[in-house]
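A closer look at the structure
The chain contents come next:
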Amino acid sequence: MSLFLLMVFFQEGGGLTEELKIRRSAAKKACDILGVKSVFFGDFPDNSMDTVALLDIAKIVESQIAEHQPDTVFTHHAGDLNIDHRRMHEAVVTACRPQSGYSVKTLLSFEVPSSTEWQLPGSAPPFMPNWFVDISSTLGRKLSALQAYATELRDWPHPRSIQGVKHLAHWRGATVGVDAAEAFILGRQLA
């Protein structure tokens, strides 16, 4: 199975700020730990992607899909509290519409601690996973990658802390009978 990782970092205005350079460097280090072979950075306004035309975002996603020809695409959950996550979800779904001869066969949504679970009940679709991947043997590598990307981490008891992420992995694993798991929502699969 080929996997596709689209990384989009946001910034206000033009040019790379020092903070953005640090975040990009940390992201690359985390991707190296995970064995990611290709990373793409796009520039959009932070926490304001609802001001960008959906078609403009989708075109960038489409160009990455055309270049890499993935059969599996992961995207944010449609109900995330973060507007940028919701907008990326819309753009990915738009870019991954089922078409004859298209490489994308599987579309999965993932959860983001401190965004997915913070949405209020009834205000967005809940994250109800139906696809699980056993990460029992690779949880340590995931946590190492998160530590490399420490600018996005918070102190415990925040859900986006090392302990919070570890607890979530064990909880998701326990729900399907393994030590640790990643949980997803299957949006579409063509077998």
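The rules behind the values
- Residues numbered from 1 in each chain as written.
- Predicted model: local features only at pLDDT ≥ 70, side-chain atom pairs only at ≥ 80, totals over all residues.
- Heavy atoms only, no water.
- Helix = DSSP H or I, 4+ residues; strand = E, 2+ residues; numbered from the N terminus.
- Rg over C-alpha atoms; globule rule 2.2 N^0.38 Å.
- Disulfide = S-S within 2.5 Å.
- Buried < 20%, exposed > 50% of the residue type's maximum accessible area, 1.4 Å probe, protein only.
- Core = buried A, V, L, I, M, F, W, Y, C linked by side-chain atoms within 4.5 Å.
- Salt bridge = Lys/Arg side-chain N within 4 Å of Asp/Glu carboxyl O.

1. Here we look at the overall build of the chain
Scanning the chain from terminus to terminus reveals five helices and seven strands. In the chain, the succession of α and β elements from N to C terminus is β-β-α-β-α-β-α-β-β-α-α-β. The globule rule puts the C-alpha radius of gyration for 191 residues at 16 Å, and the 16 Å found for the chain is close to it. C-alpha atoms of the chain, sized along the principal axes, occupy 45 × 40 × 40 Å.

2. Description of the state of the cysteines
Here is the idea: a disulfide is a covalent bond, and it sits between the sulfur atoms of two cysteines. A complete count under the given rule lists zero disulfides for this structure. Of all cysteine sulfurs in the structure, the one in C96 sits closest to C31, which takes part in no disulfide; the separation is 19 Å. For C31, a relative accessible area of 4% corresponds to the buried category. Of the residues examined, C96 reaches a relative accessible area of 1% and is grouped as buried.

3. Looking at the nonpolar core
Formed by 16 residues in total, the largest nonpolar core has its most connected members in I57, V61, I65, V92 and C96. Listed by contribution, the elements that provide at least two residues to this core are α2 (54–68) and α3 (83–95). Counting residues in each nonpolar core, the second largest holds seven residues, with A27, A145, A148 and Y149 among its members.

4. Section: the pattern of salt bridges
Going through the model one piece at a time under the given rule, you end up with six salt bridges. Residue K142 pairs with E182 through a salt bridge whose shortest N-O separation is 2.3 Å. Of the two residues, K142 sits in helix α4 (residues 139–148) while E182 sits in strand β7 (residues 181–189), which places them 40 residues apart along the sequence. Residue K142 is classed as partly exposed on the basis of its relative accessible area of 22%. The class for E182 is partly exposed, based on a relative accessible area of 23%. Between R160 and E152 there is a salt bridge, with the nearest N and O atoms lying 3.8 Å from each other.

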